[in-house]
Amino acid sequence: MSIEFVYFDLGNILVRFGLEIAISNVARVAGVGTDIVRTSIYESGLQDGYETGKFDGEDYARQARERLGVDSSQLSTTSFLEAISDMFTPIDGMAELVEKVRKRYGRVGLLSNTCFAHWDWIRNQSWDVSKLDFDVLILSYEVGAMKPDMAIYEAAEKAADVPQERLLFLDDKLENIQAARERGWQAEHCFGGPQAHKVIVPLL
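A short tour of the structure in this document, coming up.

Parameters and conventions
Residues numbered from 1 in each chain as written. Predicted model: local features only at pLDDT ≥ 70, side-chain atom pairs only at ≥ 80, totals over all residues. Heavy atoms only, no water. Helix = DSSP H or I, 4+ residues; strand = E, 2+ residues; numbered from the N terminus. Rg over C-alpha atoms; globule rule 2.2 N^0.38 Å. Buried < 20%, exposed > 50% of the residue type's maximum accessible area, 1.4 Å probe, protein only. Contact = heavy atoms within 4.5 Å. Areas by Shrake-Rupley, 256 points an atom, 1.4 Å probe, with all protein chains shown as cover. Lys, Arg positive; Asp, Glu negative; His and termini not counted. Charge placed at Lys NZ, Arg CZ, Asp CG, Glu CD. Salt bridge = Lys/Arg side-chain N within 4 Å of Asp/Glu carboxyl O. Phe/Tyr/Trp six-rings, centres within 6.5 Å; stacked < 30°, edge-to-face > 60°.

1. Here we look at the overall build of the chain
Thinking step 1. A count of helical and extended segments in the chain gives eleven helices and seven strands.
Thinking step 2. Compactness check: the chain gives a C-alpha radius of gyration of 18 Å against a globular reference of 17 Å for 204 residues, within 12% of the reference.
Thinking step 3. Over its C-alpha atoms, taken along the principal directions, the chain stretches across nearly 55 × 30 × 25 Å.
Thinking step 4. Across the 204 residues of the chain, 52% fall into the buried class.
Thinking step 5. Excluding contacts between residues fewer than 6 apart, the proportion of contacts in the chain whose partners are at least 24 apart in sequence is 69%.
Thinking step 6. Roughly 9,400 Å² of accessible area belongs to the chain as shown, and the carbon and sulfur atoms make up 47% of that amount.
Thinking step 7. Between the averaged position of the 21 positive side-chain charges in the chain and that of its 32 negative side-chain charges there is a distance of 4 Å.

2. Considering the pattern of salt bridges
Thinking step 1. Summed over all chains, the structure comprises 13 salt bridges.
Thinking step 2. Where Asp-35 meets Arg-38, a salt bridge forms, and the shortest distance between an N and an O atom there is 3.0 Å. One end of the pair, Asp-35, and the other, Arg-38, are both in helix H2 (residues 34-42), three residues apart, so they sit about a helical turn from each other.
Thinking step 3. Under the relative-accessibility criterion, Asp-35 is labelled exposed at 52%.
Thinking step 4. Residue Arg-183 is joined to Glu-154 by a salt bridge in which the shortest nitrogen-to-oxygen separation is 3.8 Å. With Arg-183 in the loop between helix H10 (174-182) and strand S7 (186-189) and Glu-154 in helix H9 (residues 150-160), the pair connects residues that are 29 residues apart, well separated along the chain.
Thinking step 5. Salt bridges here are not isolated pairs; linked through shared partners, they connect Asp-9, Lys-147 and Asp-171.

3. Thoughts on the packing of aromatic side chains
Each aromatic ring pair is summarised here by two numbers: the centre-to-centre distance and the angle between the ring planes.
Thinking step 1. Counted according to the given criterion, the structure contains twelve aromatic pairs.
Thinking step 2. Aromatic side chains Tyr-60 and Phe-80 sit 5.0 Å apart centroid to centroid with 65 degrees between the ring planes, which places their arrangement in the edge-to-face category. Here Tyr-60 is found in helix H4 (residues 57-68), whereas its partner Phe-80 is found in helix H5 (residues 77-85), with 20 residues between them in sequence.
Thinking step 3. On the basis of relative accessible area, Tyr-60 is assigned to the buried category, the value being 0%.
Thinking step 4. Members of the aromatic cluster, each reached through a chain of ring pairs, are Phe-5, Tyr-7, Tyr-153, Phe-169 and Trp-185.

These figures capture arrangement, not role.
As structure tokens, then:
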């Protein structure tokens, strides 16, 4: 089946990320242990709430401070959001690959579970991948749902405005790929870099 639109995931497709780096960043800035950061913010579902738009960055930081037992003089909202975001690095060759896909198929999109702080931080870097101009952005914090929730795929289908079977999607998590395939998408499980090139290059 021919392809009319290609969606890329963000994490581990266009950029690498290290959750333990973010945990260490917050622990260092707040002056607390990494275990309490891990359990209070990530294992508690607080980060997921931020990534699904249940609250904004200010409220997220306030809740984080309460759980960590610190105040704003110890952990400001700005320093907290910077700490959770400064964990990404670009994956070599992916910006070039996205542009090759755009030239071949005309339109490309980003379909990502992410929050405003992460996306804003990445977009403000000097990396080639940060400067990509996607035709469609489907970001979980804006949609109010995270992959593999079907609501985010429905939003992506509406925005792409092509038949489901003509959508191609690259993601690093198998459950997200399986959900896309259930909707009739063409979807490939891979990581950015050589694996993504192996999937895409034969289609160009």
